[in-house]
Amino acid sequence: MPKITSRLLPVLLFLAVALPTCLVFAFRVPPGQVADEPGHIARADSLASGQLAGRRGPQPQPDGTTAIVAGVMADPAFMQVATMVSPHTQVIDPSRLAWARALGWQGPRVFVGLNTIATYMPVFYLPAVAGMQVARVLGAGPFDAILAGRLANVAAFLVLAGTALAVARRGHGLLFCMLAVPMTLSLAASFNQDCLIIAAVALAAALVTRGEGAANPAATTPYRLAALLLAMVIAVKPPYLPLVALLLLPLPASWQALGQALGQALGTPPARGPLLRRLALAGLALLPMMAWGLLVQRGLATAIPRPAYEAGLIWPGPRPAVFHGTDAAAQIQVLLAAPWRVVTLVWHTLRIPRHFTGLFFESIAMLGWLDLRLPKTVYAAWTLALAVAAWLDMRLDRGGDRRCAPLGAACAGRRWRCWPWPPAWRWKGSSCPSTSLGPTSAGPRSMARRGAISCPCSHCSSWPCRVPRPRRPGGRPACWAWRPRRRRC
């Protein structure tokens, strides 16, 4: 019971914070008053009619011209409710809200230009689509169908986030803060799919921790589920490609161990297994992104129309170069001319204090159409909470049972027993316990205590001893030795 309670405590705390906050956001924020929500509503409505990838169509521009853009066919009633006011945070007149509530379903679907939103893989829209369809079947109007879609999104977010906190072996503090910041909860109470992407990444990271210590992590079910979640996230938003590096964790303990692992991977076939399988799993996670990207680029993606402008200073091609919209091919040409700009552009952006602080505070809370700031005390409190959570996670991780036995803890059978720890002792040795806690047991071997303390050895196979190993009676060496001043197995 204590173990179950300790595992569920982060989940219960998260639900106590997230559930009421999400409900307030869902019911109090008018439809369309979250960043890009009108476009996400149209995308979800198009999925209900079977449009998986959208289509191209004409869209009038402010200068009177017509451009071909990516979009979907959506019910005009949804768009009237979602765009009842201009796209910036403002107080809405109650009579306008009453008009939106009384609005009924209208005629045939119309084309709605969505540009990038129309190209997203639709997997994370499914909860909102289900909520909208259930409300429509029950006789609700467009306004109430939007509320139902929001509530379905909240439910899916809470399930993913709660599961992440429940299955994670460590890092609960940072996971809690990432999932509970006002910005994440505001997105969860809308049609924006970013909330489910955040929760999916959190769950993937938590599942990776469940596979740690296994001889072949890629063969474990949690690891494969993490790969599936990351594959969906990267397919929806390819810029999140670096997240696939999660599948290569945990890294070896030292550069020497990393070199040995790479040497084994390139050595004889019997020794290649674990590392190459993890690399292969990471490669498979990229296949949905490539397949969906080819489909979208071939039949849907278009340049986002903009007023005519001359190419910037880093343009490597001939001039004059006048563009009338964002050109993906031209952007790739700029990066191929100087590949290091992938890093330097980010670095030069973040090194400017106002850019870094703006992005940081936006990740905490920038509500509405990214134009509604909260009081400064909120940002200060969450900044402190993130720092404390990171510090506590590192402290607990350093003192946990993943790599070294916690000070003064011993494993006897299936239960932990605490003993006083004499700091003057140079070492204490034992063989591996017959029933080791955690997923990284080195095997069923008998355990011998020496003196008042015995320390479990569940990582001796992957964490070589740093000090000479003492010998037990009979001449067989103990499986590990521990020097207190190094604080390492």
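Scroll up to find the structure.
Calculation rules
Residues numbered from 1 in each chain as written. Predicted model: local features only at pLDDT ≥ 70, side-chain atom pairs only at ≥ 80, totals over all residues. Heavy atoms only, no water. Patch = residues over 30% accessible without salt bridge, like charges linked within 9 Å, V, L, I, M, F, W, Y side chains within 5 Å. Areas by Shrake-Rupley, 256 points an atom, 1.4 Å probe, with all protein chains shown as cover. Salt bridge = Lys/Arg side-chain N within 4 Å of Asp/Glu carboxyl O. Helix = DSSP H or I, 4+ residues; strand = E, 2+ residues; numbered from the N terminus. Buried < 20%, exposed > 50% of the residue type's maximum accessible area, 1.4 Å probe, protein only. Core = buried A, V, L, I, M, F, W, Y, C linked by side-chain atoms within 4.5 Å. Contact = heavy atoms within 4.5 Å. Expected span 1.5 Å × (residues − 1). Arc of directions from axis to C-beta. Axes fitted to C-alpha atoms, helices over the stretch in contact; angles between N-to-C directions. Parallel < 35°, antiparallel > 145°, perpendicular 65-115°, else oblique. Left-handed = near helix turned anticlockwise from the far one by under 90°.

Caption draft 1: Spotlight on a nonpolar patch on the surface. A contiguous nonpolar patch, built from Leu-313, Ile-314, Leu-335, Val-342, Val-343 and Leu-345 and spanning about 590 Å² of accessible area, is present on the exposed surface. When residues of the nonpolar patch are assigned to their parent elements, the largest contribution, 3 residues, is made by helix 15 (residues 341-350). Residue position: Leu-345 is located in helix 15. Taking relative accessible area as the criterion, Leu-345 reaches 41% and is therefore assigned partly exposed.

Caption draft 2: Molecular detail of the nonpolar core. One finds Phe-14, Phe-157, Leu-179 and Leu-247 to be the most contacted residues of the largest nonpolar core, which totals 104 residues. Each residue touching Phe-14, except ones within four places of it in the same chain, is listed here: Leu-19, Phe-157, Leu-158, Ala-161, Gly-162, Leu-165, Phe-176, Leu-179 and Ala-180.

Caption draft 3: Seen up close, the pattern of salt bridges. Enumeration over the complete set of coordinates arrives at 5 salt bridges. Note that Asp-45 and Arg-109 form a salt bridge whose closest N and O atoms lie 2.7 Å from each other. Residue Asp-45 is located in helix 2 (residues 37-48), and its partner Arg-109 is located in the loop between helix 4 (94-102) and strand 3 (110-113); the two are separated by 64 residues in the primary sequence. Using a relative accessible area of 28% as the deciding quantity, one classes Arg-109 as partly exposed. Where Glu-310 meets Arg-319, a salt bridge forms, and the shortest distance between an N and an O atom there is 3.1 Å. Relative accessible area serves as the criterion here: at 44%, Arg-319 is assigned to the partly exposed category.

Caption draft 4: Expanded view of helix 13 (residues 287-299). Under the 1.5 Å per step criterion, the end-to-end length of helix 13 is 19 Å for 13 residues, consistent within 8% with the ideal 18 Å. Within helix 13, burial applies to Met-289, Trp-292 and Val-296. For helix 13, the arc enclosing every buried residue in end-on projection is 80°, short of the 170-degree limit, so these residues lie on one face. Helix 13 presents Leu-294, Gln-297 and Arg-298 as exposed residues on the side facing more than 90 degrees away from its buried surface. As for helix 13, its buried residues are in contact with helix 10 (221-236).

Caption draft 5: Expanded view of unusual backbone geometry. Along the chain, Arg-319 connects to Pro-320 via a cis peptide bond; the corresponding omega equals 0°. Tracing the sequence through the fold places Pro-320 in the loop between strand 4 (305-310) and strand 5 (322-325). For Asp-36, which is not glycine, the phi torsion reads 65° and is therefore positive. Structurally, the position occupied by Asp-36 is in the loop between helix 1 (2-28) and helix 2. If you check the backbone angles, Leu-370 has positive phi at about 55° while not being a glycine. Tracing the chain through its elements places Leu-370 in the loop between helix 16 (353-364) and helix 17 (376-399). A relative accessible area of 39% places Leu-370 in the partly exposed class.

Caption draft 6: Region of the structure containing the environment of Glu-212. When you line up the elements, Glu-212 lands in the loop between helix 9 (194-210) and helix 10. Taking the relative accessible area as the measure of exposure, Glu-212 reaches 9% and is therefore buried. The spacing of Glu-212 and Arg-169 is 43 residues in sequence and 9.4 Å in space, taken between C-alpha atoms.

Caption draft 7: Molecular detail of the packing of helix 2 against helix 5 (residues 126-137). Interhelical geometry of helix 2 versus helix 5 gives an angle of 65° and a closest axis separation of 9 Å. One finds that helix 2 runs roughly perpendicular with respect to helix 5. For the element pair helix 2 and helix 5, the recorded crossing hand is right-handed. For the pair helix 2 and helix 5, the contacting residues are Ile-41, Ala-44, Asp-45, Leu-47 and Ala-48 in the first and Val-129, Met-132, Gln-133 and Arg-136 in the second.

Purely spatial values, then, with no claim about function.
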